[in-house]
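Observations on the model geometry
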There are 2 protein chains.
Amino acid sequence: MMKKGLLIVISGPSGTGKGTVCKQLLNIEKDIKISISATTREPRVGEIDGVNYYFIDEDIFEKQIENDEFLEYAKVYDNYYGTPKKYVIEEIKKGNNVLLEIDIQGALQVKEKYPEGIFIFILPPSMEELKKRIIGRGTESEADINKRFESAFEEINYVKEYNYYVINDEVEKAVEKIRGIIKAESCKVTDNIEEIISRYKEELSC
Amino acid sequence: MMKKGLLIVISGPSGTGKGTVCKQLLNIEKDIKISISATTREPRVGEIDGVNYYFIDEDIFEKQIENDEFLEYAKVYDNYYGTPKKYVIEEIKKGNNVLLEIDIQGALQVKEKYPEGIFIFILPPSMEELKKRIIGRGTESEADINKRFESAFEEINYVKEYNYYVINDEVEKAVEKIRGIIKAESCKVTDNIEEIISRYKEELSC
């Protein structure tokens, strides 16, 4: 029996630096697969189909929703964004770990479709630091900053839906924790009992 | 609210090298506390009370059994051996992780008294390798070796009582897995939800 890979879902409020954490994790753990999202929005200059996104037409996207082909999807303004189920499930079956970096609403949808995933919630070191990071982007008005900050604070309550929390005070430390979680999950006895025992029994019966 | 430490129980069949793994783990993770066993046997030359063992009299040991002062105990030939509960519980309350390296029967007793412990089962890379390791000790007759080998094989079935399994093919790798398990367990959301959320709420209410 082949050991299945893990679906690692990394999520959390905006401004917690989950993108940076994921990038660094993938730099170290080269074997982790990343899922590519599908979208109905137009490709921007330099974006490549199948690399940045799968760019597909709205009628096809809606057909795929109907056929339950997404682990999660959302409509943002006029465009759909979603995570195709097929690639993720195939890689997991092959024994590969797959990383999904998505927002909280997306993660909750994935949890419904694939509850055996590993759901990791990235938290800021403090609310003060989170505010600094949101301001640091320098692209938003004060009202927008406050709105984003308040919503991030509300979102922290969703941590209860996750398996693990990682406070991103230093990226390196946060990455080490996530690597630890992945290692630990691969060592869990549950679901692997038969595989473990048969490993030794088969050897003796040869 | 103070975050409690973890009780890490490392166990497995004899010959799997759990002693070496624990020694190396403690070399790296200096903050882990080790529990010292109590015994009624006579100290050997060079053994120090409170370092190698707590050497106590049989009537006191039996009184302590009655008072439920052990996480686990056993009588081997004419001597008692046991893990005093007090030290372990105190360190955990202080937020320290405590390591217990014990045989399977002991681990199962600990699980009954402290089910929230982290139970890690060390496995040999193969039965062939296990046999080599048992023979390698060079202290036993062929009959004894075969008996020990068969009992080790039977013991593998106990893996189902544990949370994690670690195959000890290379000590360094096994230690890294255990370090990952400890990191992951410290990041679990369950039991920490209130602590996590209040961390941010308190900051904002200051």
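Per an unreviewed UniProt entry, chain A is named Guanylate kinase, and its organism is Crassaminicella thermophila. Under the UniProt heading Catalytic activity (unreviewed entry), the entry covering chain A gives this text: "GMP + ATP = GDP + ADP".

On to the nonpolar core. Ile10, Ile120 and Ile178 of chain A together with Ile10, Ile120 and Ile178 of chain B are the most contacted members of the largest nonpolar core, which has 41 residues in total. The dominant element in this core, judged by the number of residues it contributes, is helix H7 (residues 171-186) of chain B, at 7 residues. Apart from residues no more than four positions distant in its own chain, Ile120 of chain B is found in contact with Ile8, Val9, Ile10, Ser11, Tyr162, Tyr164, Val166, Ile178 and Ile181 of chain B.

Residue and element names in this part refer to chain A. Taken together, Glu42, Asp57, Glu58, Asp59, Glu62, Glu66 and Asp78 make up a surface patch of like negative charges. Looking at the secondary structure, you find Glu42 in the loop between strand S3 (38-39) and strand S4 (54-55). Since its relative accessible area comes to 64%, Glu42 is described here as exposed.

The next thing to look at is the environment of Tyr80 of chain B. Relative to the assigned elements, Tyr80 of chain B resides in strand S6 (residues 79-84). When neighbours within four sequence positions are excluded, Tyr80 of chain B is seen to be in contact with Ala38, Thr39, Thr40, Glu58, Phe61, Glu62, Ile65, Tyr73, Ala74 and Lys75 of chain B.

A few words on the pattern of salt bridges. When their charged atoms lie close together, side chains carrying opposite charge are able to pair. Counted according to the given criterion, the structure contains 22 salt bridges over all chains. Salt-bridge contacts for Glu91 of chain B lead to Lys94 of chain B; the nearest nitrogen and oxygen are separated by 3.1 Å. Overall, the relative accessible area of 52% leaves Lys94 of chain B in the exposed class. Salt-bridge contacts for Lys188 of chain B lead to Glu185 of chain B; the nearest nitrogen and oxygen are separated by 3.1 Å. According to the relative accessible area criterion, Lys188 of chain B is partly exposed, its value standing at 24%. Glu185 of chain B sits in the buried class, given a relative accessible area of 12%. Taken together, the salt bridges that share partners define one network made up of Glu29, Glu176 and Arg179 of chain A.

Turning our attention to the relation of the copies chain A and chain B. It takes a turn of 180° to lay chain A on chain B, together with a shift of 0.0 Å along the axis; the resulting RMSD is 0.0 Å. In short, the pair behaves as if placed about a two-fold rotation axis. Within chain A, the C-alpha atom positioned nearest to the axis of rotation is that of Gly180 of chain A, 1.8 Å from it. Looking at chain A, 100% of its interface residues are interface residues in chain B too, so the copies touch through the same face.

What follows deals with the interface of chain A and chain B. The interface is formed by 39 residues belonging to chain A together with 39 residues belonging to chain B. Carbon and sulfur atoms make up 71% of the surface buried where chain A meets chain B, a total of about 3300 Å² over both sides. Among the residues chain A hides against chain B, the three largest losses belong to Tyr165, Cys187 and Tyr200 of chain A. Together they make up 22% of the total. Remark: the boundary between chain A and chain B carries 0 salt bridges. Our count for the contact surface shared by chain A and chain B stands at 10 residue pairs in polar contact (both at pLDDT 80 or more). Every element with two or more residues in the side of chain A that touches chain B is listed here: helix H5 (127-136), helix H6 (142-155), strand S9 (164-167), helix H7 (171-186) and helix H8 (193-205) of chain A. Sort the elements by how many residues they give to the side of chain A that touches chain B and H8 of chain A lands first, with 9 residues. Looking at the side of chain A that touches chain B residue by residue, the class counts come to 22 nonpolar, 6 polar and 11 charged.

Parameters and conventions
- Residues numbered from 1 in each chain as written.
- Chains lettered and ligands numbered in written order.
- Predicted model: local features only at pLDDT ≥ 70, side-chain atom pairs only at ≥ 80, totals over all residues.
- Heavy atoms only, no water.
- UniProt positions renumbered as here; feature names shortened; annotations may be inferred.
- Core = buried A, V, L, I, M, F, W, Y, C linked by side-chain atoms within 4.5 Å.
- Buried < 20%, exposed > 50% of the residue type's maximum accessible area, 1.4 Å probe, protein only.
- Helix = DSSP H or I, 4+ residues; strand = E, 2+ residues; numbered from the N terminus.
- Contact = heavy atoms within 4.5 Å.
- Patch = residues over 30% accessible without salt bridge, like charges linked within 9 Å, V, L, I, M, F, W, Y side chains within 5 Å.
- Areas by Shrake-Rupley, 256 points an atom, 1.4 Å probe, with all protein chains shown as cover.
- Salt bridge = Lys/Arg side-chain N within 4 Å of Asp/Glu carboxyl O.
- Lys, Arg positive; Asp, Glu negative; His and termini not counted.
- Charge placed at Lys NZ, Arg CZ, Asp CG, Glu CD.
- Least-squares fit on C-alpha atoms with pLDDT ≥ 70 in both.
- Buried area = accessible area lost by both parts, 1.4 Å probe.
- Polar contact = N/O pair within 3.5 Å; in protein donor to acceptor, adjacent residues only side chain to side chain.
- Nonpolar A, V, L, I, M, F, W, Y, C, P; charged D, E, K, R; others polar.

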